[in-house]
Amino acid sequence: MTVPISVTVNGRAHELEVEPRMLLVHLLREELNLTGTHVGCDTSQCGACTVIVDGSSAKSCTVLAVQADGGSITTIEGLSAEGEMHPLQQAFWDEHGLQCGYCTPGMIMSGVDLLERHPDPSDDDIRRGLDGNLCRCTGYEHIINAVKSAAGGAE
Amino acid sequence: MTMQATPGQLVGQRVRRREDPRLVKGRGSYVDDMKLPGMLHLAFKRSDVAHGIIRSIDTSAAEAMPGVELVLTGAQLAEIIPPMPVATPFPAPDHHAVTPDRVRYVGEPIAVVVATDRFLAADAADVIEVDIEELPAVIDPERAANGDPAVIHEAFENNLAVPFAPAGTGVNPETLEVEDESALNEAFENADVVVSQRMFSQRLVPNAMEPRGVIARFEPGNDELTVWSTTQNPHIARTLLAAILGMGQHQVRVIAPDVGGGFGSKINVYGEDFAAAAISRDIGRPVKWIEDRSEAFMTTIHGRDVIGYIDLAATGEGKVTAVKMRLIADIGAYEMVLTAAIPTLVAFMISGVYDIPVVRAELTEVFTNKMPTDAYRGAGRPEGIYFLERAMDMLASELGMDPADVRRVNFIQPDQFPYTTAGGMVYDSGEYERLLDQALENAGWEQMKADRDAARAEGRIVGLGMSFYTEICGFGPSAAMPTVGLWEHASVSVERDGKVRASSGASSHGQGHETTFAQMLADDLGIPMDDISIIHGDTGQVREGTGTFGSRSQVVGGTALLMASGKVKDKMRVFAAQMLETQPGDLSFSDGMIGPTGQEDTGVAFAEVAGFAYIPIPLPPDTEPGLSEEAFWEPEGFTWPFGCYITQVEIDRDTGELELQRFVGVDDCGNVINPLIVAGQIHGGIAQGVGQALTEEAVYDEGSGQLLTASFMDYQIPRARDFPRFELDHTVTPSPLNPMGVKGIGEAGTIGSTPSIVNAAVDALSGHGVEHIDMMLRPEKLWRLIQGGDA
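Just so you know, these numbers come straight off a predicted model, no measurement behind them.

Enquirer: Would you take a moment to explain helix 7 (residues 234–245) of chain B for this structure?
Expert: Residues spaced three or four apart along an α-helix point in a common direction, a consequence of the helix completing one turn every 3.6 residues. Residues and elements named next belong to chain B. Compared with an ideal rise of 1.5 Å per residue, which puts 12 residues at 16 Å, helix 7 spans 16 Å between its outermost C-alpha atoms and is within 8% of the ideal. Within helix 7, 10 of the 12 residues are buried, leaving the element largely enclosed by the surrounding structure. For helix 7, the complete set of buried residues consists of Pro-234, His-235, Ile-236, Ala-237, Arg-238, Leu-240, Leu-241, Ala-242, Ile-244 and Leu-245. Of the surrounding elements, those touching the buried residues of helix 7 are strand 10 (224–229), strand 11 (252–255) and helix 8 (271–283).

Here is the structure:
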């Protein structure tokens, strides 16, 4: 059994037939080939799958594809125009905010949401704001620096 | 601030990573991102009991499901492939990719489903019926070592994998026989102070953020197998896959695309990899398997799990006269590639940074019904340094000495290098006291102590911790892993347009090889970094290799690249000399020019020489056209980085929660190629070491053998809010064993941070009669100690 849904992803409208049990992250990765959104756990702890759904960050492994029906989604691939970098992407590069890069798309999408809520965040704001995103490589400090630097750059 | 890449003198600069643009845009290419035409998906039926005999398996319901192409039991797979290999010289029990008869840990594969999509494959695996006659779960390694409550492998009496491996003073290094106990006995009999403590470096789950995964594509007709794998070492994977499949190495290509972290856990070739390759060959279609996180917890190798009974003898002035470690390693149910070797590294660390005349380590490795252990970041060195650095603090406490002073009086002195420990390890270089002084100054140690005392006077529970580590890095030489070899391979090709393609057998999975290697070569060749591409992670493009582990990529891989680059330069000098009508020996490389040393700009352009090398009219005598060279390089010994970590913690009296308030570190990894990347490695290492101290512990239920900590909900890897800003610095003591004077930095943070934090916690609770606390330092444990109870 499948269910028809319509979603707008990175500005592009899609009409799809999906299994009711399909998760949004699998819709993005398997159906739309947007593989920048990663799966890092089964329990919505790691945040590697974070995307923006209707303006707020969401862990796309916790959202059923059918729940996104009618919604607008931005993934890491849609964060900036092709060939350019969003200030957060640029800042992660400049500040060495990543190593293996696996958590990075989710970390950046959470950072986008964080900066919307805290345009001038303190270290503590960032550490708490990224509580739902796990990174095993960086020890987080360069990620904090990146988010701070992006906030400064946006002023 | 970071610097843009500019030609010349890039080594030592904070160059931004070339890997990052693709990764921050979500354009990386990890194994799970790939789809091949006609690809099928695997799911594994796994044991939900820890120990038992498989009586029957019913796969009929799974086979009947639409979209299921094939179901294989372990017994059926065992007809296609033999048991998996190990790379250690100890006898090992048979370990099948999918178990044919018995289960020995929760999560062990029992059968594999091949289906048209991954969810369908998982559904089908769920309906496989398995009847298992349960046996008692063997969980406690000290009971297990007496065969209690069961024996896991019949051929290994009392579950002893390595029954007794002594090392150190009085042990014949050839026969491993204890020949003379007198020095050891004398040291303890004559000691003013003896510190004795049972300690535990608990079992950890590596948890790279990217789980394991594999795509195997066998091409019938060509009889070639290509495997895309989340491996740290594609060439070792290639060799092992070829051996198990009975294929030639020339028929197997392993590609490690972007790999999302490894920390040692992706050194191994796992059962799922062998099964995927064998199945693809059997059915002639590509197959894919991607691990989910609960599988990663249950069935990717674990780390640590070593009990240490530590005895330390010292004079009243704090001079250590002997250290003895009796080590019991719980290695889990089987031996993987390096399982049996890792605990031997604990014994190698017994002297730490101290000039200790008498040492003895005795190691026993025990099978239990748990996931096998193997290399996890630090791999043996964290356990050894933790045991020793805890004991040093206990000695300081016993003598009422400052922890800095008790270390200072025992340091190996700079004029003692190269230094051979009583256990036979040869340290390359070190200057410990200078680094200690730097750390004390940076921390404001005296002020820290005064502040701690003032806080205590207010009733707060504050403690300071210190650790001083060294570690074994830059693995080889080959003698250290005689079944595999521990050299590295590199190639450098200058194309006819003057651009450079260089390859390394070291295989990055987050370390930034594409950047540091290019920095190094840009300086060596005198050309812009952007003119150099670094190829790694593909046995089809990189002719040979060993891989990335044991903090060896820059030391061994980097040196191999420099050797290959040197050979290419020698050849370019021959062509350039002919063009310039001069002698090759007089020529140097700078700013894209090759010319007389100091006047390179008067010579000929690098690109012009490259072009000439491919159309050499006339060809210089005794010279082949073209510019492509390769090199194998193997170090003569290990490198030994070192450092000191000073921490401050405060424990909440009401909740037992521990806050890490300061982290002051000084590291010495020799010369630094890219300080930005080195800082990142230290940060990440610290985070994992803090994780061991504070939040991570893999727990198996004593009765059922179930893994109780099998998700991020029950096993917490540290989060951003668990850390203060790191206050880091470094000294530079180059290694004499390689031309760049580098030592390796991948594991340092993990090794030094754990003992520093536990030392701080014990210091904090010293007023509550606490002399030692086993990790992890969960709030409940600390709260009970504050209440005067047992942990």
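Enquirer: Sorry if this is basic, but what is going on with the interface of chain B and chain A here?
Expert: How large an interface is tends to be reported as the accessible area lost when its parts come together. Listed by partner, the interface residues are 57 residues for chain B and 52 residues for chain A. Interface area for chain B against chain A, summed over the two sides, is near 4,900 Å², with a carbon-plus-sulfur share of 52%. Ranking the residues of chain B by area buried against chain A places Val-24, Met-209 and Arg-725 of chain B at the top, with a combined share of 15%. Connecting chain B to chain A are 9 salt bridges. Arg-29 of chain A is the salt-bridge partner of Asp-33 of chain B, the closest N and O atoms lying 2.8 Å from each other. Joining chain B to chain A, the criterion identifies 32 residue pairs in polar contact (both at pLDDT 80 or more).

Enquirer: Hey, could you run me through the domain arrangement of chain B in this one?
Expert: Residue and element names in this part refer to chain B. Under the domain assignment, chain B is made up of domain 1 (20–27 + 487–633), domain 2 (34–135 + 209–261 + 266–299) and domain 3 (303–475 + 637–786). Inter-centroid distance (C-alpha atoms) of domain 2 to domain 3 is 37 Å. Listed as interface residues are 31 residues of domain 2 and, on the opposing side, 27 residues of domain 3. For the pair domain 2 and domain 3, the summed buried surface comes to about 2,300 Å²; carbon and sulfur atoms form 69% of the total.

Enquirer: Looking at this structure, how should I read the domain arrangement of chain A?
Expert: All names here are of chain A. If you check the domain split of chain A, you get domain 1 (3–79) and domain 2 (87–154). Here the C-alpha centre of domain 2 lies 21 Å away from the C-alpha centre of domain 1. Each side of the interface is counted separately: domain 1 has 19 residues, and domain 2 has 14 residues. By the criterion of area lost to domain 2, the three top residues of domain 1 are His-38, Ile-76 and Leu-79, representing 37% of everything that side buries. For the pair domain 1 and domain 2, the number of links is 0 salt bridges. For the pair domain 1 and domain 2, the interface holds 6 residue pairs in polar contact (both at pLDDT 80 or more). For the side of domain 1 that touches domain 2, the secondary-structure elements that each account for two or more residues are strand 3 (50–53) and strand 4 (56–59).

Cut-offs and rules
- Residues numbered from 1 in each chain as written.
- Chains lettered and ligands numbered in written order.
- Predicted model: local features only at pLDDT ≥ 70, side-chain atom pairs only at ≥ 80, totals over all residues.
- Heavy atoms only, no water.
- Helix = DSSP H or I, 4+ residues; strand = E, 2+ residues; numbered from the N terminus.
- Expected span 1.5 Å × (residues − 1).
- Buried < 20%, exposed > 50% of the residue type's maximum accessible area, 1.4 Å probe, protein only.
- Contact = heavy atoms within 4.5 Å.
- Buried area = accessible area lost by both parts, 1.4 Å probe.
- Salt bridge = Lys/Arg side-chain N within 4 Å of Asp/Glu carboxyl O.
- Polar contact = N/O pair within 3.5 Å; in protein donor to acceptor, adjacent residues only side chain to side chain.
- Domains from an automatic or database assignment.

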